[in-house]
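# Reading the structure
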Amino acid sequence: LTIVFPGQARGEKGYARLPAIVAALRTRDDVSRPVRFVLQSSFGRYDTGGKVRRRDRDRGAARESLRAFPDSLVQVVDRALTNEEYFALIADADILLLPYDAEVYRTRPSMIVSEAALFGKPVVVTAGTTLAELAEPGIGETAETNADFAGALAKIVNDYESFRANAEARATALRRELDARVLVQRMLQRALAEHAYACAG
């Protein structure tokens with residue numbers, strides 16, 4: 001199964017946590033099938049003024065740690081992706097890993113978790129964030145510590161067919177609700193109802 005971290009390697013997205021999460025899952029003996037990680041790891045160049053920002057040091061160290069894992073376990077994608085490549089990455093994922101910062105994403109929304117829902121992908125996200133609203137039981141899992149993330153990934157891996165079926169069923173329902181024809185029909189119904197009310201008044 002392919003576990004994907006999509007999007008830029010930014011601190012608030014929990015990129016620096018990835019080596020510890022990978023290592024924690026790797027050491028578990030209760031994972032029923034092989035997994036591999038595909039981790040988007042693109043970020044801007046270091047400052048050219050000679051002083052490296054701390055966040056760049058942290059991200060650079062995390063990327064080097066990820067490269068130290070066997071290629072069969074971790075694939076580091078260290079270049080920016082085109083829109084087509086990005087959506088192909090999401091489409092080919094089996095599980096999306098989104099260990100976003102709890103404070104930053106307590107109220108901030110995430111387009112990626114919405115994309116995961118529409119693509120029918122099980123997710124593991126940080127508890128207490130807006131992302132957790134789309135990690136419904138049987139579709140996704142929430143976690144706080146790195147060990148929790150590894151445990152949540154193991155749970156989905158071990159019962160993957162059920163998680164995938166539930167996620168795909170929700171995606172079908174969401175796509176139906178967001179269909180342009182359905183949205184236009186709802187707007188027309190509301191407009192006609194308000195018009196009828198105004199005429200009756």
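Presented here is a report on the structure given in the accompanying data block. From a predicted model like this one, the values you see are computed outputs, not experimental measurements. Position numbers for residues count from 1 along each chain, tracking the sequence in the order it is written. Local features are withheld for residues below a pLDDT of 70 in this predicted model, meaning they are given only at 70 or higher, and side-chain atom pairs are given and counted only at 80 or more; totals for whole chains, interfaces and linings count all residues. To obtain the side-chain values, all non-hydrogen atoms of the structure were included, while hydrogens and water were left out.

## Details of the sheet that holds strand β1 (residues 2–5)
Strand pairing is defined by DSSP finding a minimum of two bridges between the two strands. A run of H or I in DSSP becomes a helix once it reaches four residues, and a run of E becomes a strand once it reaches two; helices and strands are each numbered from the N terminus. Across the sheet, which stays open at both edges, the six strands sit in the order β3-β2-β1-β4-β5-β6 with parallel pairing between neighbours. The sheet is open, and its two borders are formed by β3 (74–77) and β6 (140–143), each paired with just one other strand. Strand after strand, the sheet turns through a mean of 20° between neighbouring axes, direction not considered. Strands in contact with helix α1 (residues 18–26) are β1, β2 (36–40), β3 and β4 (95–98); relative to β2, the strand with the most contacts, it is inclined by about 175°. Helix axes are fitted only over the stretch in contact, all axes being lines through C-alpha atoms; the angle between N-to-C directions runs from 0 to 180 degrees. Only heavy atoms matter for contacts: two residues are in contact if any of them lie within 4.5 Å across the pair.

## With respect to the packing of α1 against helix α5 (residues 146–158)
Look at α1 against α5: their axes get within 8 Å of each other, and the N-to-C directions meet at 55°. With respect to each other, α1 and α5 are oriented oblique. Considering how the two elements wind past one another, α1 and α5 form a crossing that is right-handed. Facing Ala 20, Ile 21, Ala 24 and Leu 25 of α1, the residues of α5 in contact are Asn 146, Phe 149, Ala 150, Leu 153 and Ala 154. Residues that form the contact of α1 with α5 fall into these classes: eight nonpolar, one polar and no charged. Any angle that is under 35 degrees is reported as roughly parallel, and any over 145 degrees as roughly antiparallel; angles of 65 to 115 degrees are reported as roughly perpendicular and all others as oblique. Less than a right angle of anticlockwise turn of the near helix away from the far helix marks a crossing as left-handed, whereas a clockwise turn marks it as right-handed. Gly is placed with the polar residues, together with every amino acid not listed as nonpolar (Ala, Val, Leu, Ile, Met, Phe, Trp, Tyr, Cys and Pro) or charged (Asp, Glu, Lys and Arg).

## Section: the nonpolar core
The definition of a nonpolar core used throughout is a set of buried Ala, Val, Leu, Ile, Met, Phe, Trp, Tyr and Cys residues joined through side-chain atoms within 4.5 Å. Think of it in three bands: residues with accessible area under 20% of the maximum for their type are buried, residues over 50% are exposed, and the middle band is partly exposed, with areas taken using a 1.4 Å probe on protein chains only. Of all hydrophobic cores here, the largest spans 31 residues; its most connected members are Phe 37, Leu 66, Val 74, Leu 97 and Leu 153. Elements with a contribution of two residues or more to this core: β1, α1, β2, α2 (54–67), β3, β4, α5 and α6 (160–177). Considering every element that reaches this core, the biggest residue donor is α5, with seven residues. Apart from residues no more than four positions distant in its own chain, Leu 66 is found in contact with Tyr 15, Leu 18, Pro 19, Val 22, Leu 39, Ser 41, Val 74 and Val 76. By size, the runner-up hydrophobic cluster in this structure holds 18 residues, among which are Val 38, Tyr 86, Ile 90 and Tyr 100.

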